[in-house]
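Close look at the chain arrangement
As a plain string of letters, each chain reads:
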Amino acid sequence: MRIERSEGILLGIILIYAVAVALVNPAFLSIETVFDLVRTSSRDLILVMGLLLIMLSGGIDISFMAMALVSSYCATAAMMQLGLSSIGFLLIFAMLIGVVMGLFNALLISWLKLPPFIITLGTMNLFHGLMATLVGTRTFGGGMLPPSFNAFGSGNLIELESEYGIIGLSLSVIPVVLVIVLTWFIIYKTMLGRGIVAIGNSEEAALRLGFRPLLLRLFAYGYIGALAGLAGSIYICQVNAVYPDKMIGEELMVVAGAVIGGTSISGGKGRIFGALLGIIIIYLLKSTLIFLGLSASWNNLFVGIILVLSLSFTAWQEKRRNERHLLFKIESR
Amino acid sequence: MQQGAQAALKDGAAKPLLVEAIGITKTFGAFTALDDINLMFKGGEIHCLAGENGSGKSTLVKIIAGTYTQDKGTVVINGRSYKELTPAQSMAEGIQVIYQDLSLFEHMTVAENIALGHLREERSALINWQQVRAIAAAQLERIGVRLDLNQELREASISTKQLVAICRALAMNARVLFMDEPTTALSGREVDRLLEVMSELKKAGLAIIFISHKLDEVFRIADVVTVFRDGRKIGDFPSCDLNAKRLSYYMTGKEISYPKYQRISKAQDNFIEIKDLCKKDMYSHINLGIRPGDILGCIGLLGSGRTELALSLFGLNQPDSGKILIEGRETALKSPSASMEAGIALLPEDRSTEGLFLERSVAVNSSASVIGKLSHGILGFFDFVKERTLALSGIERLNIKTTSERKLAGELSGGNQQKVVISKWLATKPRLFIMDNPTVGIDIGSKAEIYEQAQSLARQDMAVLLLSDEIEELTANCSRIAIFAHGQIVEILDEERLKDPAIGSYIAAVVAAGGKQGTAQDTAAAGTYNPKEGRA
Amino acid sequence: MSKINATPTPINYITGDANLNALLSVFVLTALICALAFGDAMYSGANLQSMAFQIPEFGFVALGMMLAFLVGGIDLSITANACLSGIVAGFILTGSWLPGLDEGMRIAVAVVTALGLSTLMGLFNGLIIACFAVSSLIATLGTMTLYSGIGMALTGGRSVVGFPDSFTAGGIACLGEVPVIFIAFVIVMVLMAILLERTGGGRRLYLFGGNPVAALFSGINNFRMNVATFTAIGFLAGLSGLTIIMRVNSAKVGYGDAYVFQSLIVCVIAGIHPAGGRGKVIGIGITTLLMQMAASAFTILQLSPYTTKLIWGLMLVLVLGLTRDGRRLLNALRAPFIKNKTLTDKDSNPGEADNG
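Every value quoted in this text rests on a predicted model; they were computed, and no experiment measured them.

Let us now look at the side chain of Asp61(A). Residue and element names in this part refer to chain A. Inspection of the secondary structure puts Asp-61 in the loop between helix 2 (31–56) and helix 3 (64–82). There is no salt bridge for the buried Asp-61, and the closest opposite charge comes from Arg-217, which lies 11 Å off by N-O distance. For Asp-61, the side chain forms a polar contact with the main-chain nitrogen of Ser-63, separated by 2.6 Å. Contacts of Asp-61, omitting those with residues within four sequence positions, involve Leu-51, Ile-54, Met-67, Asn-105, Thr-120, Tyr-221 and Ile-224.

As structure tokens, this is what we get:
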């Protein structure tokens, strides 16, 4: 597998960080840390795959957390109403609702032709507001939810004995891997994916080759909608409760992860491996600062530093390229 | 070649008629872009569409490509008549247009760029990377060119991109290939290669239609030239029946010859003196002095360092070593504002993005370089009255055709837009005016006015540095000409030398030979010159 | 672009701009509807005053976001910046930092430090954006995380409380019936309008925002434009931060977080073009008032915060839709009365027809 320079740097950072933490606190070096990382980051690992596809298409979506919340909340509420209890219904309902919201985003972006950041900002509020107004705002606690939720959320694929008791690799790793493989397949093996990359490179040029930006966009935004439904469902199962106001507000962290991983905000460029690394680095910091004797409050500081450094580095390389070619393209957008 | 062209016209019947336009009329509001155009494009023929900007040739291409729909008339392709053509239908009929921007995908590889259109046409759902490479290799084979298939396109040179665009069109089974200004960004050797590729395609039976402003290319390769003027077709001419003068007469409807510039200034001290200026990979050991009243022409192929040097003088390209003396004093030109301070102005090559604020008025554009001078007080209050006066005087001085100083710059014609840029710089009262291809894409009438302006400025003791690809433009306007090659000045021709009537072909030869005078004569005979300096 | 080059007179300042016209009509309409629906509940002195108290802290953020929009960017770090400078001011005010200063000195030092720090943070944003040519959305996403991270590290997520009364008095002080902070906001707004629309620096900013490349080739120092813009945004963030802690009597990471998104909405409604180079300060003024009036109406109606969210989202989408298709809609309505054919955008410019 080819590893890009930015990804190499990220791997380096992760390695150095891991060594540093391990020196301070050897307890860090355990399989439990890895299992825990996988479990807590699964929601965002799934979401970042959708976001990657969106950013490849030259767009951006910040409504995915709202979609994750709204779809999982509505699906749960519907199941309670209908008296359904299977986890399958949750996933199907949530993904369907997610797709509908995603398609709405795509239509709006194609119609308004304004920065998708601003449009999805609007729909983020819209979706959440609609949910609260039409469906309600009560919290479903663990006792009220079907037991299958918790069974899935706390179930393990692999279980190991350790000195601290049983540790396990969460079941959520299955959907994560499936989504990664599916996304890889879409991006690299289908014309659909190449079309999405093409409109991200140059919509005009893609149009001239006969690609249909509207359809491609519908797919990409629908895809992230479906993934949001999936990720939201996994999250509520893991938490074993459904709140009407969780998740929203964490979207920019996922965007940060994608950007740290080298995904270009201007479209057409980005890789699965990088985006995954970006999310992992954020969760690594989040979950391990405690090993360094720092409280979780230091989390953002470290993520911020890494984010600022990595994006400055990437942009600076691009700027030097442009200077060498005497291209006067100034990007402050 | 020319005999071939004649033959081509004679036995034209033997060539398959691929596209025919019958009575095409297209209007935009009150403006008639095309008026009753009848035209035929045949396989195995290279057809040139010539005409000034706005004469309608691009509109015709867009109608045949399905981007625009004609108001009246029919397009017949492969025997099928279309009153209304969609881009998809047009492509399905084998019509491919390579636009000036090439429409390629920067973050994809060469191979994918070539194959993607073909795969899209085939409506494949999955992508097979081996097939992608096979398609790309086959097309490159067809035009006899080798390229690195795995290269990311943004790393590739402009000429590579040009070839990739052609291969992509071929991969999409092009039978009629339109090329809009295909050679604009290419150097002489690259143009040769492109023209070779074009004649190969012609032999293979394709109809090649290219739009070009460069007369020499037209004569070198076209079989038939169709001239447009003001939305009307003036006629189809075999290229052997045309020469530059006649063609420009057909295009403009008037005979134009440019007055020769004579330096009258008495000043002998250089305004600016460049000493041993170097910049890695761009130019090295440049020594040049420009006196007030000089119009110093610069000519050279792509990568000869000409534009790079001009940008250095305007503070946009820091040299690595060497000195720049302005009126004898060493001056650091670290930014455009420092250069402006030193009395230097630059008319950039790309008018629409670099030169103008298209969405702003003529007045705002005219004052953009002197905002500081129009501001007063601690807060820097802007003097709107003075701005208007300034704009009006510019409009009068340069004869800018606009209804008002409030009209948006983007609504003016190319020539008038260029005059607005000139007016913007005259407001700074520059001592050295660098003009980078000031007449590209400008109609011949405005061209003459811009020359006149440059000459009259020089007569008032301004120093002018004129970067150009057109030898005629240089020999008519310049008091000295510097020939650039491989980042160095290979020869400077003084006023005496420029009086030689045959100097034009000499310059062409030196430029084409990349500065090696020994081989210049042979190359001159072959007539291969096409200096073009662009930023890759 | 007549709105910029026309010699402004008081009358054509607003009427000469279609966007402002529309905005003003919406404002008047909303004001009338509010008068009919709520009467005194909306227009009582007390309510007006409380609106005036609430406007500034958000207004400063909106003005900052407007500057970012004008250069074609977005600044996500404004409220993180406001919070951090508020927290630092808070530490000084409570005497945790620099103990031993008397009350008057503490307030002075706190205010100066907060504004200085926020300006520095803005400068930092500007330098990253200008030096490395990072897109501002991404750059400020980074610094937003960084600034709030510093705030979190300093406070551990807790509130900083216990400011001197003479400081918080500023948050409730009135001149006559008008809150002092509101007056300060109006003064800042007027100053900004003058700087942007009547000075050379403002002209440069608009030109740079509209087309940075042409600005570069016109001798405008783009580096300086970027840095100055984001530094000014930092200063406005500092003002917002001070106003917040003055009114809330505490400082904490996360205060006013919703303001970033709301200010984006305000900018769009105010007609500040996201692509840069277009829009007026007065638009922000009117829209901020409009938003506050709506917020007030929501409070009177006792709408839940979720419903408020729904309405904001809906408004953003509607306004975007209307700005895009409003003119076409209007033309369609007018069409039967006008004989001349109305041109569509694409066909109206024959000059471009031949430029490939």
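The subject of this paragraph is the environment of Ile166(B). All names here are of chain B. Take Ile-166: it is sitting in helix 6 (residues 158–171). Looking at Ile-166, the relative accessible area reads 0%, which means it is buried. Expressed as a C-alpha distance, the spacing of Ile-166 and Ile-143, which sit 23 residues apart in the sequence, is 9.1 Å. For Ile-166, the residues in contact, after removing those within four places along its chain, are Ile-98, Leu-177, Met-179, Leu-194, Val-197 and Leu-201.

So, on to the pattern of salt bridges. Summed over all chains, the structure comprises 27 salt bridges over all chains. With its nearest N and O atoms 2.5 Å apart, the salt bridge here joins Glu112(B) to Arg194(A). Note that Glu112(B) is positioned in helix 4 (residues 110–121) and Arg194(A) in helix 8 (residues 191–201), a pairing that runs across two chains. Residue Glu112(B) is classed as buried on the basis of its relative accessible area of 3%. A relative accessible area of 7% means that Arg194(A) is categorised as buried. One salt bridge in this structure joins Arg232(B) and Asp35(B), with 3.5 Å as the shortest N-O distance. In this pair, Arg232(B) sits in strand 10 (residues 232–238) while Asp35(B) sits in strand 2 (residues 31–42), placing the two residues 197 residues apart along the sequence. A residue is classified by how much of its surface remains accessible, and Arg232(B), at 46% relative accessible area, is partly exposed.

Parameters and conventions
Residues numbered from 1 in each chain as written. Chains lettered and ligands numbered in written order. Predicted model: local features only at pLDDT ≥ 70, side-chain atom pairs only at ≥ 80, totals over all residues. Heavy atoms only, no water. Helix = DSSP H or I, 4+ residues; strand = E, 2+ residues; numbered from the N terminus. Buried < 20%, exposed > 50% of the residue type's maximum accessible area, 1.4 Å probe, protein only. Lys, Arg positive; Asp, Glu negative; His and termini not counted. Salt bridge = Lys/Arg side-chain N within 4 Å of Asp/Glu carboxyl O. Polar contact = N/O pair within 3.5 Å; in protein donor to acceptor, adjacent residues only side chain to side chain. Contact = heavy atoms within 4.5 Å.

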